[in-house]
Amino acid sequence: MEIKKNFIKAELYKALSVIVLIPSIFLGTGLAAGCSKTGNGQVTITNTEKDYDTVETADFRPEDGYLKESEEVLMQSGDVESDQSLQEGENAFNTEFSLSVPTFVTRIDDKWFIVDCYHDQIIYNDNMTAPLNEWRVLTKEAKQPHTIAGDGSVILVDDTENNRVLVYEKRGDSYVNTQLFNDIGKRPHYTVYDEEDKAFYVWSSTTGEMYIFRHAADDTKMYLTEIRDAGTKDTYIRSFYIDGGEIYFVSGIGSDGQASGILVCDKHSFEIKEKIEVPDDMAGMVALRKDGGYFYITVSTDITGNQDAATMIRTKDLHGLLSGDYEEIYSEYFVGGGTPYNITRVGDTLYLTEHRVPGHSVWSYKIENDEITDVQALY
């Protein structure tokens, strides 16, 4: 796909950034461009232009400074053919009649989205009950995407195997890939829109970096504003969970064969507050979230990478995992025998994706007074 940048706008933003930066240089202020891990295990922000922790993120403006602006995928004016294509009809129908390693389910703009990872596509529909051939395709431009997030104005997709982030906008009844970011870490794997920060958090799964994207309130043009380093380079960590002022990174397996354990960090500074040890048979986690009085965790592999250890558990205290203080719920409430993956909540219902079990790839369920109820296999 041909990429056409708006060079005039880019040069204008660069000039404005320089103007804003000049007083910052003399005053000794800077923008958070990354982090480094210190000897005491803490993560500190390396400042180069301006510290975004001191800025009202909902009021982000490009002239405040940024690390990188998006590349424009389609001309927005002056190209009759492109402008017409943005308005014509809806996206194409899905031609796959099954899901191949679905990794994520969510709802954006009153539409349901399923990330169909091994089919290299994301599909969407008005409801979660229609046959798959009635769903439409948001994108086939991504290579093994894993997650998707939206804020009502834009949708971000982590293009995992291409190390990119794709940005989509709604045009009439269609969604169009209008922007992209190249060179986003290595295997960007998990994307969340954080309402409090008015920012998208995109996790680079093997470099331990969090890429943070924002746009101005009155514009959909996207900017990479920060890169925060969790100090977990060369450890494959699949996802994270934001809970108030803290961020939890699930346990992953390093290139040295050791488990990282669950890392509890400060959401903004990425200071590691605690490392929670986990047993070897759940070293390769996928997802962690808290619902009611329990933490729910999906596990992909043990410390050797064996998926036979895949399961889903819950515990009231993460510190009890090592001693066996948890409840295995995968085989009790779901079929078991596969690999459960991500868990998402939409309204009062949770959605679990899984693979390795034909005919059971997306589940829905509810939690009422810490009881798992209304479990249904959707696809």
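Quick summary incoming for the structure in this document.

### Some thoughts on the layout of surface pockets
Here is step 1 of the chain: Approximately 500 Å³ is the volume found for the largest pocket.
Here is step 2 of the chain: Lining of the largest pocket is provided by 22 residues; of these, Phe 104, Tyr 190, Val 192, Arg 289 and Thr 344 occupy positions nearest its centre.
Here is step 3 of the chain: Mapped onto the lining of the largest pocket, the elements with two or more residues apiece are strand S5 (102–108), strand S9 (148–150), strand S13 (188–194), strand S18 (240–243), strand S23 (284–291) and strand S27 (339–346).
Here is step 4 of the chain: Looking at the lining of the largest pocket, the element that brings in the most residues is S13, giving five residues.
Here is step 5 of the chain: A per-class count over the lining of the largest pocket returns 14 nonpolar, four polar and four charged.

### Describing the nonpolar core
Here is step 1 of the chain: Counting residues in each nonpolar core, the largest one holds 48 residues, and the members touching the most others are Ile 148, Phe 249 and Ile 262.
Here is step 2 of the chain: For this core, the element with the highest residue contribution is strand S21 (residues 262–266), accounting for four residues.
Here is step 3 of the chain: The contact partners of Ile 262, leaving out residues within four places of it in the chain, are Tyr 248, Phe 249, Ser 251, Glu 274, Lys 275, Ile 276, Val 278, Met 285, Leu 288, Ile 297, Leu 318 and Leu 321.
Here is step 4 of the chain: Val 154, Ile 184, Met 222 and Ile 227 belong to the second-largest nonpolar core, a separate cluster that totals 15 residues.

### Brief notes about the pattern of salt bridges
Here is step 1 of the chain: Evaluated as defined, the whole model comprises 21 salt bridges.
Here is step 2 of the chain: Here Lys 221 and Glu 72 are joined by a salt bridge, their closest N and O atoms 3.9 Å apart. Of this pair, Lys 221 sits in the loop between strand S15 (209–215) and strand S16 (222–229) while Glu 72 sits in strand S4 (residues 71–72); the two residues are 149 residues apart in sequence, bridging distant segments of the chain. When sorted by exposure, Lys 221 lands in the same class as Glu 72, which is buried.
Here is step 3 of the chain: Beyond isolated ion pairs, a larger network of salt bridges with shared partners links Asp 194, Glu 196, Asp 197 and Lys 267.

The rules behind each value
- Residues numbered from 1 in each chain as written.
- Predicted model: local features only at pLDDT ≥ 70, side-chain atom pairs only at ≥ 80, totals over all residues.
- Heavy atoms only, no water.
- 1 Å grid on protein atoms, 1.4 Å probe; cavity = no way out; pocket = protein on both sides within 12 Å on 5 of 7 lines; lining within 4 Å.
- Points joined across faces, edges and corners; volume = space filled by probe spheres on them.
- Helix = DSSP H or I, 4+ residues; strand = E, 2+ residues; numbered from the N terminus.
- Nonpolar A, V, L, I, M, F, W, Y, C, P; charged D, E, K, R; others polar.
- Core = buried A, V, L, I, M, F, W, Y, C linked by side-chain atoms within 4.5 Å.
- Buried < 20%, exposed > 50% of the residue type's maximum accessible area, 1.4 Å probe, protein only.
- Contact = heavy atoms within 4.5 Å.
- Salt bridge = Lys/Arg side-chain N within 4 Å of Asp/Glu carboxyl O.

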